[in-house]
Amino acid sequence: MPVSSAYEPAPTHHALGYQFYDSVEAAEFPLHRLRYRNQRWARRIGLDTLTDDEWVKHFGRFAPLPENLPHPLALRYHGHQFGVYNPYLGDGRGFLFAQMRDSETHRLLDLGTKGSGKTPWSREGDGRLTLNGGLREVLATEMLEALGVETSKSFSLIETGEQLMRRDEPSPTRSSVLVRLSHSHIRIGTFQRFAHLNDTDSLRALLDHSIKFYMPDLWDDSPQQRALRFLSEVANRVARMGAQWMAAGFVHGVLNSDNINITGESFDYGPWRFLPTYDPEFTAAYFDQGGRYAYGRQPSVLLWNLTRLAECLEAFAAADEMTATLQGFASTIQQEFAASVVRRVGLVPRGSSEDMKLANELFSFMRATNAPFEQMFFDLHGGLASETRWERSPAATVYRAPEFVALRALLAEYQPMQGINLDHRYFRRPAPCTMLIEEVTSLLGAIRQSDDWSPFEAKLADIAQMADAYSVPSPQRNAPEA
């Protein structure tokens with residue numbers, strides 16, 4: 001039996017019509033070596049029963065899944081890239097491969113690819129993904145999921161045996177094909193394409209499709225109300241995602257409008273980084289010379305992208321109504337940020353006002369003391385219940401600084417959240433799991449130089465322990481083939 005009873009195919013996207021995608025074929029690769037398999041999420045969509053050979057057949061050679069999309073679909077979209085509109089975008093090295101339902105939530109899920117070959121939208125690209133690029137996306141999604149961030153999930157990574165030339169890493173470099181799991185691959189840029197083409201009929205079809213399959217509670221017989229409700233819901237989801245990034249110290253790096261999807265999950269990881277210490281000006285991409293997508297600018301950039309979506313929806317509602325709908329974004333992301341910080345510190349919320357006070361004081365403390373970002377959240381998890389632990393932390397000196405007095409007083413007003421496990425072995429170690437650029441470079445270097453996968457596997461195990469400590473389920477994995 002290749003699939004389990006939890007498998008529920010739901011191929012919905014092809015019904016939109018060919019103006020939304022191109023039917024394509026996957027590249028043929030000389031090698032298929034399974035390097036990563038997300039067994040927990042495979043179980044949730046009924047694919048955990050696949051053998052490794054069957055897995056490679058579907059996610060390396062892309063044989064269709066039962067009763068699913070008969071051919072991969074390279075999605076069409078436009079977008080603003082670093083503020084400049086680009087009408088020549090689209091899935092240039094990926095496609096939508098399959099859609100199914102989550103057995104736990106019944107929400108629609110997409111399986112999309114990266115590095116699966118050339119499409120009509122490849123332009124000058126080769127349609128391939130480096131092994132380093134695939135591994136970096138696995139690491140980003142694993143870490144973010146463990147930290148409670150809304151993110152796509154890396155589902156499969158297969159090394160494909162080609163030698164690629166790249167300007168941004170030592171070349172020739174090894175190739176791979178990645179499959180990601182996400183609730184949607186419909187982007188702000190998808191709406192921008194039809195607005196740019198003045199194709200109101202397709203724009204309405206896209207809006208109605210998005211509501212029907214992703215936000216059915218928003219349906220209204222009035223196109224005006226549908227558009228306003230949709231924009232409000234997308235804005236709320238994007239605000240939650242952005243707030244979680246800020247609380248996690250995460251910098252996406254390339255927040256172009258084609259990288260923001262309607263379900264509010266971060267995806268398509270390129271030059272991402274985690275902060276070593278709090279720094280609003282910290283950038284992830286070496287080519288972001290002006291700091292457009294710096295850590296501290298992420299909330300305003302997300303609003304900028306949402307404003308582009310609002311412009312597309314002006315075909316159905318007045319511009320001032322769209323503007324009014326987005327006016328609450330700043331307040332929403334602040335509230336979500338406070339909630340994310342309180343959750344990260346493992347405390348019971350006390351209300352938006354009090355939680356915001358704690359979050360602001362905590363970040364002011366980090367700025368004043370240059371405290372290690374992840375170490376501080378690790379030390380303070382549980383609030384005053386962890387005081388003995390933070391006093392013996394490698395960063396203990398920062399908790400003796402005068403700036404800590406006000407923060408400690410606020411922490412004293414909170415109780416640890418119910419079910420917190422401060423006796424977990426993760427909290428008995430001196431330092432937390434981190435994902436700083438030096439660590440990523442080191443473990444990728446071990447694979448590139450000597451094909452040593454043990455640092456990569458050790459990091460995944462470290463993340464799994466952290467996820468368990470923070471009560472976020474962690475995927476079960478197959479060890480990579482030697």
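As the structure is a prediction and not an experimental result, all values here were calculated from the model.

1. As for the confidence of the model for the protein chain
For residues with low pLDDT, the predicted coordinates do not support detailed interpretation.
Here comes step 1: When pLDDT is averaged along the protein chain, the result is 95; 98% of the residues meet or exceed 70.
Here comes step 2: Under a pLDDT of 50 for its full length, residues 472-482 has, in the predicted model, 33 contacts with residues more than four places off or in other chains.

2. Let's talk about empty space enclosed by the protein
Here comes step 1: Within this structure, the stated rule accounts for 2 cavities of 30 Å³ or more.
Here comes step 2: Here the largest cavity defines a volume of roughly 50 Å³.
Here comes step 3: Lining the largest cavity, in full, are His13, Leu16, Phe20, Leu75, Arg76, His185, Ile186, Thr190 and Leu206.
Here comes step 4: Of the pockets and cavities examined, the second largest cavity occupies roughly 30 Å³.
Here comes step 5: Contributing to the lining of the second largest cavity are His381, Met417, Gly419, Ile420, Asn421, Ala469, Tyr470 and Ser471.
Here comes step 6: Taken together, the residues of the lining of the second largest cavity sort by class into 4 nonpolar, 4 polar and no charged.

3. Some remarks on the side chain of arginine 101
Here comes step 1: Mapped onto the secondary structure, arginine 101 falls in strand E6 (residues 96-101).
Here comes step 2: Of the side chains bearing the opposite charge, glutamate 8 lies closest to the buried arginine 101, which forms no salt bridge; the N-O distance is 4.7 Å.
Here comes step 3: Within the structure, arginine 101 has its side chain in polar contact with the backbone oxygen of histidine 106 (distance 3.3 Å).

4. Observations concerning helix H3 (residues 131-146)
Here comes step 1: The end-to-end C-alpha distance of H3 is 23 Å, a good match for the 22 Å that 16 residues give at a rise of 1.5 Å each.
Here comes step 2: Counted residue by residue, H3 has 16 buried out of 16 residues, so it is predominantly covered.
Here comes step 3: Looking one or two places after H3, you find glycine 148, whose phi comes out positive at around 80 degrees.

5. Quick notes on the packing of helix H6 (residues 223-248) against helix H7 (residues 298-312)
Here comes step 1: Where H6 contacts H7, the axes come no closer than 10 Å and their chain directions differ by 165 degrees. In terms of orientation, H6 lies roughly antiparallel with respect to H7. The interaxial crossing formed by H6 with H7 has right-handed handedness. Facing Phe230, Leu231, Val234, Ala235, Val238, Met241, Gly242, Trp245 and Met246 of H6, the residues of H7 in contact are Gln298, Pro299, Leu302, Leu306, Leu309 and Ala310.
Here comes step 2: Split by residue class, the contact of H6 with H7 holds 13 nonpolar, 2 polar and no charged.

Cut-offs applied
- Residues numbered from 1 in each chain as written.
- Predicted model: local features only at pLDDT ≥ 70, side-chain atom pairs only at ≥ 80, totals over all residues.
- Heavy atoms only, no water.
- pLDDT = per-residue confidence, 0-100.
- Contact = heavy atoms within 4.5 Å.
- 1 Å grid on protein atoms, 1.4 Å probe; cavity = no way out; pocket = protein on both sides within 12 Å on 5 of 7 lines; lining within 4 Å.
- Points joined across faces, edges and corners; volume = space filled by probe spheres on them.
- Nonpolar A, V, L, I, M, F, W, Y, C, P; charged D, E, K, R; others polar.
- Helix = DSSP H or I, 4+ residues; strand = E, 2+ residues; numbered from the N terminus.
- Buried < 20%, exposed > 50% of the residue type's maximum accessible area, 1.4 Å probe, protein only.
- Lys, Arg positive; Asp, Glu negative; His and termini not counted.
- Salt bridge = Lys/Arg side-chain N within 4 Å of Asp/Glu carboxyl O.
- Polar contact = N/O pair within 3.5 Å; in protein donor to acceptor, adjacent residues only side chain to side chain.
- Expected span 1.5 Å × (residues − 1).
- Axes fitted to C-alpha atoms, helices over the stretch in contact; angles between N-to-C directions.
- Parallel < 35°, antiparallel > 145°, perpendicular 65-115°, else oblique.
- Left-handed = near helix turned anticlockwise from the far one by under 90°.

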